[in-house]
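Spelled out from the first residue to the last, the chains are:
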Amino acid sequence: MSEIISFEPATGVELARLPIGDVDAEVAAARTGWAGWAAQPLAFRIETMRRFANVVRQRQDAFVDIVARETGKPLWEARTEVESVIAKVDISATAYADRTAQRRMEAAAGARVALRHKPHGVLAVLGPYNFPAHLPNGHIVPALIAGNAVVFKPSEKTPATGRFLVECYHAAGVPEASVRLLVGGPAEGKALAEHRDIDGLLFTGSARTGIALNRLFATRPEKILALEMGGNNPIVVWDTPDLHTAAVLVVQSAFTSAGQRCTAARRLIVQDSLYDGLIDAIGRICQRIIVGAPHDTPAPFMGPVIDNEAADQLTESFLSLLMRGGRPIRHLERPDDRLPFLAPAMIDVTNMAERPDLELFGPILQVFRTADFDAAIAEANNTRYGLSAALVSQTPALYDRFWANIRAGVVNWNRPTNGAASNAPFGGIGWSGNHRPSAYYAADYCAYPVVSSESDAARAAIGIGLRDA
């Protein structure tokens, strides 16, 4: 195969054809261009990133259109993603100044200690398909500000968005050698990760791939590895009288982006006494949800999943839950087998003997009911993942208990599970990451600290352990 073909999930129409790149050539180009970019003053690199934000503003409508067409997202959601690309520049500049600021401290004998940071060199970035502009941009902008060069491989399912993003960097004045686009599939991604001439890899994607990368880098401690790998996220509804609002929060958590967010709620854990009313309220909202193509009028709440393969896998997963003893609340409906549109689905797994710990990356919500809050927390923690969790409750004391005992990197109260701020760190524990949170803390893995003990003049004496002269 010599090219990657991108299709619009909502229509099946071909969107773009891109030639598969040469891994060695792209890494070599980035290695050649790195030193010149790193030598530029920090102010120059930040100003270049501000020009990048302006380029994206100028091309915003075209950018929104290509994100929407290639992912199937509604236009309103694609626009939100492109706006996040723009906002990332100021956030990253502030984060770099905060997290990697130069500092000087006094030391003994008139010396001083200086703390500065250096870029790693050439960083590989592997991007996902669910946020094909925002998430890789969240690695690339802080990496460039720190003085790294980047080789970016977008998902093989969204290469056109990746190409558009890289074109914006270059149009803003980032040297072509400093940001390289590598188009390809899993083979090119694997070759890039294994390449001896990269200094690190920044990854957003599935736990399966992330764990394989973690094994690969286990014998390469000299290279930085930052992993963001998704979650099997719980939302707990307890002791709340407003079931309509609770239902809205559940729907937003589970079904925004057709469930294709790493922070999406996969599991609803609900107080037994609230179960019937909450399920009824969620059902009424789901009946009103518009599932449609990006440019449809009226605007849809959610579009298709990324492709037919994903839709087939989700259908098989739902059937598997049924066979294991799950009780369907809303079936996973697919109006047209030729296209990957899926309606929101819910399944009660309370009485399932063995509940699989899976990240079902689509609009499937598993429901568990219990009468005991400690049991609810235990069920919420019954996962190898640990990215996001939320509690919907009117009782502050319950939130205190929830926050203290839940294992997740993002813990929300009366907010959706996918309500994560870009000006805060973002990451999780367990199978959700390797303790390299992104967003505001991305600066931490894009540069390494260098501590220097310095004095204007050489002064040295040995006061003990020497024979008399």
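Going by the structure above, here's the rest.
The rules behind the values
- Residues numbered from 1 in each chain as written.
- Predicted model: local features only at pLDDT ≥ 70, side-chain atom pairs only at ≥ 80, totals over all residues.
- Heavy atoms only, no water.
- Helix = DSSP H or I, 4+ residues; strand = E, 2+ residues; numbered from the N terminus.
- Rg over C-alpha atoms; globule rule 2.2 N^0.38 Å.
- Contact = heavy atoms within 4.5 Å.
- Areas by Shrake-Rupley, 256 points an atom, 1.4 Å probe, with all protein chains shown as cover.
- Lys, Arg positive; Asp, Glu negative; His and termini not counted.
- Charge placed at Lys NZ, Arg CZ, Asp CG, Glu CD.
- Pairing = 2+ DSSP bridges.
- Axes fitted to C-alpha atoms, helices over the stretch in contact; angles between N-to-C directions.
- Buried < 20%, exposed > 50% of the residue type's maximum accessible area, 1.4 Å probe, protein only.
- Phe/Tyr/Trp six-rings, centres within 6.5 Å; stacked < 30°, edge-to-face > 60°.
- Lys NZ or Arg CZ within 6 Å of the ring centre and 35° of its normal.
- Core = buried A, V, L, I, M, F, W, Y, C linked by side-chain atoms within 4.5 Å.
- Parallel < 35°, antiparallel > 145°, perpendicular 65-115°, else oblique.
- Left-handed = near helix turned anticlockwise from the far one by under 90°.
- Arc of directions from axis to C-beta.

Novice: When you look at the overall build of the chain in this model, what are you seeing that I'm missing?
Specialist: Summing up its helical and strand segments, the chain has 14 helices and 19 strands in all. The globule rule puts the C-alpha radius of gyration for 469 residues at 23 Å, and the 24 Å found for the chain is close to it. Referenced to the eigenvectors of the C-alpha coordinate spread, the extents of the chain come out at roughly 90 × 55 × 40 Å. Sequence separation of 24 or more characterises 72% of the internal contacts of the chain that already satisfy a separation of 6 or more. A total of about 20400 Å² of accessible surface is found on the chain, and carbon and sulfur atoms cover 52% of it. Computed over 46 positive and 50 negative side-chain charges, the inter-centroid distance for the chain is 5 Å.

Novice: Where do I start with the sheet that holds strand 19 (residues 447–454) in this structure?
Specialist: Pairing between the strands of a sheet is mediated by backbone hydrogen bonds and can be parallel or antiparallel. One open sheet accounts for three strands, arranged 3-4-19; its pairing is antiparallel. Of all strands in the sheet, those bounded by a partner on one side alone are strand 3 (103–106) and strand 19. On average, each strand axis in the sheet is tilted by 25 degrees relative to the strand beside it, whichever way the strands run. In this structure, strand 4 (residues 112–119) lies alongside strand 19, joined through eight bridges in antiparallel fashion. Opposite valine 113, over in strand 19, you have serine 453 as the bridge partner.

Novice: Can you help me understand the sheet that holds strand 5 (residues 122–126) in this one?
Specialist: Pairing in this open sheet of five strands is parallel, and the strands run 7-6-5-8-9 from one edge to the other. Taken across any chain shown, the strands that pair with only one partner, and hence form the sheet edges, are strand 7 (179–181) and strand 9 (224–228). The sheet shows a mean angle of 15 degrees between the axes of neighbouring strands, taken without regard to direction. Sheet contacts for helix 6 (residues 159–171): strand 6 (149–153) and strand 7; angle to strand 7, the most-contacted strand, approximately 155 degrees.

Novice: Any chance you could explain the environment of alanine 87 here in plain terms?
Specialist: Considering the arrangement of structural elements, one finds alanine 87 in helix 4 (residues 75–99). Classification of alanine 87 as partly exposed rests on a relative accessible area of 38%. When the C-alpha atoms of alanine 87 and asparagine 423 are compared, they prove to be 9.6 Å apart, with 336 residues separating the residues in sequence.

Novice: Can you help me understand the packing of aromatic side chains in this one?
Specialist: The description of an aromatic ring pair uses the distance of the two centres, along with the angle that the planes make with each other. For the coordinates displayed, the defined rule picks out seven aromatic pairs. When the ring of phenylalanine 52 is compared with that of tyrosine 169, the centres are 4.4 Å apart and the planes differ by 25 degrees; the resulting orientation is stacked. Pair noted here: phenylalanine 52 is in helix 2 (residues 42–58) and tyrosine 169 is in helix 6, with a separation of 117 residues, a long-range link. When its relative accessible area of 0% is taken as the criterion, tyrosine 169 is described as buried. Note that arginine 99 overlies the ring of tyrosine 441, its terminal NZ or CZ placed 3.6 Å from the centroid.

Novice: I keep staring at the nonpolar core and nothing clicks. Help me out?
Specialist: Taken as a class, soluble globular proteins show a tendency for nonpolar side chains to be buried jointly. If you look at the biggest cluster of nonpolar residues, it comprises 52 residues, and the most contacted ones within it are Phe52, Val56, Phe63, Leu144, Phe152 and Tyr169. Contacts of leucine 144, omitting those with residues within four sequence positions, involve Trp37, Arg45, Met49, Val150, Tyr169, Val174, Ser178 and Val179.

Novice: Mind showing me how you'd approach the packing of helix 2 against helix 6 here?
Specialist: A pair of packed helices is captured by two measures, namely the crossing angle of their axes and the spacing between those axes. Helix 6 packs onto helix 2 with a crossing angle of 125 degrees between their chain directions and a minimal axis gap of 8 Å. Taken together, helix 2 and helix 6 sit at an angle that is classed as oblique. In the crossing of helix 2 with helix 6, the sense of the turn from one axis to the other is right-handed. Only Leu165, Cys168, Tyr169 and Ala171 of helix 6 make contact with helix 2, whose side of the interface consists of Phe52, Val55 and Val56.

Novice: Could you clarify how one ought to interpret helix 8 (residues 207–217) in this entry?
Specialist: Each full turn of the α-helix corresponds to 3.6 residues, which orients residues three or four apart in the same direction. Burial in helix 8 covers these residues: Ala207, Gly210, Leu213 and Phe217. The buried residues of helix 8 occupy an angular sector of 120 degrees when projected down its axis, which confines them to one face. Of the exposed residues in helix 8, those oriented more than 90 degrees away from the buried face are Arg208 and Arg215. Looking at the buried side of helix 8, the elements it contacts are strand 5, helix 7 (186–194), strand 8 (200–204) and strand 9.

Novice: So what exactly am I meant to see when it comes to the side chain of glutamate 8 here?
Specialist: Inspection of the secondary structure assignment puts glutamate 8 in the loop between strand 1 (3–7) and strand 2 (14–19). Of the residues examined, glutamate 8 reaches a relative accessible area of 11% and is grouped as buried. For glutamate 8, the contacting residues outside a window of four places in its chain are Val13, Leu15 and Arg69.

Novice: Help me out: how do you make sense of the pairing of strand 13 (residues 345–348) in this one?
Specialist: For a regular strand, side-chain orientation follows a simple rule: the groups alternate between the two sheet faces. Here strand 13 shows two buried faces, one formed by Ala345 and Ile347 and the other by Met346 and Asp348. Looking at chain direction, strand 12 (residues 327–330) and strand 13 are connected through three bridges and run antiparallel. By the bridge assignment for strand 13, proline 328 is matched with isoleucine 347. Where strand 13 lies against strand 14 (residues 364–370), four bridges are found, and the strand directions are parallel.

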